[in-house]
Amino acid sequence: MTKKNPRMVMVGAGAIGGVMATLMREKGCDMTVVCKHGEIVDIAEGRGLRVTGVLGEHQANMPAVADIEELQGQFDVAFIATKAYDMPGCARRLLPMLTPDSLVVSLQNGICTDALSAVVGPERTVGCVVGFGATLLGPGELCMTSTGELIIGRMQGDQTDLEPVREAMCAVAPTVIRRDIYAQLYSKLIINSCITSLGAICGLKLGKMLLMSRARQLFLSVIGEAVAVARALGLTLPPYGGKLDYEKLMAGEGWASDLRRHITLLAVGFKYRRLKSSSLQSLERGRPTEIDYFNGFIAKKGEEMGIPCPVNRRLTQMIKEIEGGKRSIKVDNLSDAQLMAKGNAVSG
């Protein structure tokens with residue numbers, strides 16, 4: 001894919017997708033957006049989507065449709081910004097709009113590149129680590145809440161083919177191409193798996209949660225299992241955000257090393273004290289979570305590699321119980337007997 005101004009489609013006009021589509025369109029990208037709500041389609045094609053926040057105010061109108069099947073012609077680049085569990089279905093519906101050289105970019109949290117590759121092929125699959133924050137204020141109204149870089153990488157093939165995509169995405173945030181995109185995605189997956197699952201079962205924001213020693217212990221158990229799986233997969237994990245080095249965090253035994261780990265998590269909790277689990281927000285809206293692409297993914301990969309992941313597996317089970325109405329969201333879930341028994345030992 002070597003076109004200077006590739007034809008692009010953004011599937012999903014929520015917080016991330018809406019911000020990216022607007023800023024890229026404003027910079028002149030050939031962008032079409034798929035938004036399932038007719039009201040947003042009208043706004044996008046009329047006065048345009050509006051982005052406020054850390055980069056100031058931006059507004060751009062663009063072609064929009066409510067369903068993927070309404071798209072006309074073929075696209076060089078397709079961005080999928082839906083929930084993880086909707087991504088495979090969207091990718092399948094996009095197939096008639098793709099050429100053999102098209103690229104499909106997964107913008108989900110968690111690792112969705114395996115599932116995407118199974119649909120469109122690894123040669124067309126592009127992983128992306130989204131480092132900026134955004135929220136949906138209302139129909140056609142989006143807010144970019146924090147800045148941060150974008151990291152992209154092909155799962156198979158020549159990375160130089162990504163240059164036109166990188167240039168377009170720089171309209172949103174500084175964008176870099178990395179060959180180790182799977183390790184980059186896994187690094188973000190680890191911290192997200194800690195925050196989203198534990199926040200979902202207890203109902204607390206990150207700050208209050210990490211003041212509790214049992215929550216910090218479970219954080220470390222999730223990380224310990226995830227790092228063991230990464231080693232089995234042969235991944236060299238980059239520090240998340242350039243700062244959180246999992247290997248260093250989990251290194252060492254004894255009270256001094258444990259104290260260092262707990263102090264690190266207390267600092268994280270203080271800095272991001274207002275952060276609310278995305279899975280908790282989904283549960284509060286009566287929607288399913290993406291747990292299969294977070295802790296469930298770690299547990300599944302662990303099983304494939306022969307690495308026990310009892311804490312990640314139990315957290316996945318507990319959240320599915322909450323989704324099914326068999327368990328309530330409460331702080332006492334952090335003291336679940338099975339969870340605590342599995343999480344007592346942290347392996348570095």
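In this text, all values refer to a predicted model and were calculated from it rather than measured experimentally.

Reading across from one edge, β4-β3-β10-β9 is the order of the four strands in this open sheet, with mixed pairing throughout. Here the strands that pair on one side only, and so sit at the sheet edges, are β4 (58–60) and β9 (133–138). Here the strands of the sheet are splayed against their neighbours by 20° on average, with no regard to which way each runs. In the sheet, strand β3 (residues 49–53) pairs with strand β10 (residues 141–146) via four bridges, with the strands oriented parallel. When the sheet's bridge partners are listed, Thr 52 is paired in β10 with Cys 143. Its contacts with the sheet place helix α1 (residues 15–26) against β3, β4, β9 and β10, and it is angled at close to 80° to β4.

Moving on to the pattern of salt bridges. Applying the stated criterion across every chain, the model contains 18 salt bridges. With its nearest N and O atoms 3.0 Å apart, the salt bridge here joins Arg 314 to Asp 336. Of this pair, Arg 314 sits in helix α13 (residues 310–323) while Asp 336 sits in the loop between α13 and α14 (337–343), placing them 22 residues apart in sequence. When sorted by exposure, Arg 314 lands in the same class as Asp 336, which is buried. What emerges from the salt-bridge pattern is a single network uniting Arg 47, Arg 50, Glu 57 and Glu 141.

This part is about the nonpolar core. Of all hydrophobic cores here, the largest spans 54 residues; its most connected members are Tyr 186, Ile 201 and Phe 219. Of all the secondary structure elements, the ones that give two or more residues to this core are α6 (181–202), α7 (206–209), α8 (213–233), α9 (246–250), α10 (255–271), α12 (295–305) and α13. Examining the composition of this core, we find that 14 residues originate from one element, α6, more than from any other. Look past the residues within four positions of Tyr 186 in its chain and what remains in contact with it is Ile 111, Ala 226, Val 229, Ala 230, Leu 233, Leu 235, Leu 237, Phe 297 and Ile 298.

Together, Lys 205, Lys 208, Arg 273 and Arg 274 give the surface a local cluster of positive charge. Along the chain, Lys 208 turns up in helix α7.

Every other side chain in a regular strand lies on the same face of the sheet, so the side chains alternate between the two faces. Looking at chain direction, β9 and β10 are connected through five bridges and run antiparallel. The partner of Gly 133 across the bridge, within β10, is Ser 146. Between β9 and β10, which follow one another and run antiparallel, lie two residues, and Gly 140 among them has a positive phi close to 75°.

Let us now look at the environment of Pro 239. With respect to the helices and strands, Pro 239 occurs in the loop between α8 and α9. Spatially, the C-alpha atom of Pro 239 lies 7.0 Å from that of Ser 187, the residues being 52 residues apart in sequence. Each residue touching Pro 239, except ones within four places of it in the same chain, is listed here: Ser 187, Leu 244 and Asp 245.

Thresholds, definitions, all that
- Residues numbered from 1 in each chain as written.
- Predicted model: local features only at pLDDT ≥ 70, side-chain atom pairs only at ≥ 80, totals over all residues.
- Heavy atoms only, no water.
- Pairing = 2+ DSSP bridges.
- Helix = DSSP H or I, 4+ residues; strand = E, 2+ residues; numbered from the N terminus.
- Axes fitted to C-alpha atoms, helices over the stretch in contact; angles between N-to-C directions.
- Contact = heavy atoms within 4.5 Å.
- Salt bridge = Lys/Arg side-chain N within 4 Å of Asp/Glu carboxyl O.
- Buried < 20%, exposed > 50% of the residue type's maximum accessible area, 1.4 Å probe, protein only.
- Core = buried A, V, L, I, M, F, W, Y, C linked by side-chain atoms within 4.5 Å.
- Patch = residues over 30% accessible without salt bridge, like charges linked within 9 Å, V, L, I, M, F, W, Y side chains within 5 Å.
- Areas by Shrake-Rupley, 256 points an atom, 1.4 Å probe, with all protein chains shown as cover.
- Lys, Arg positive; Asp, Glu negative; His and termini not counted.
- Charge placed at Lys NZ, Arg CZ, Asp CG, Glu CD.

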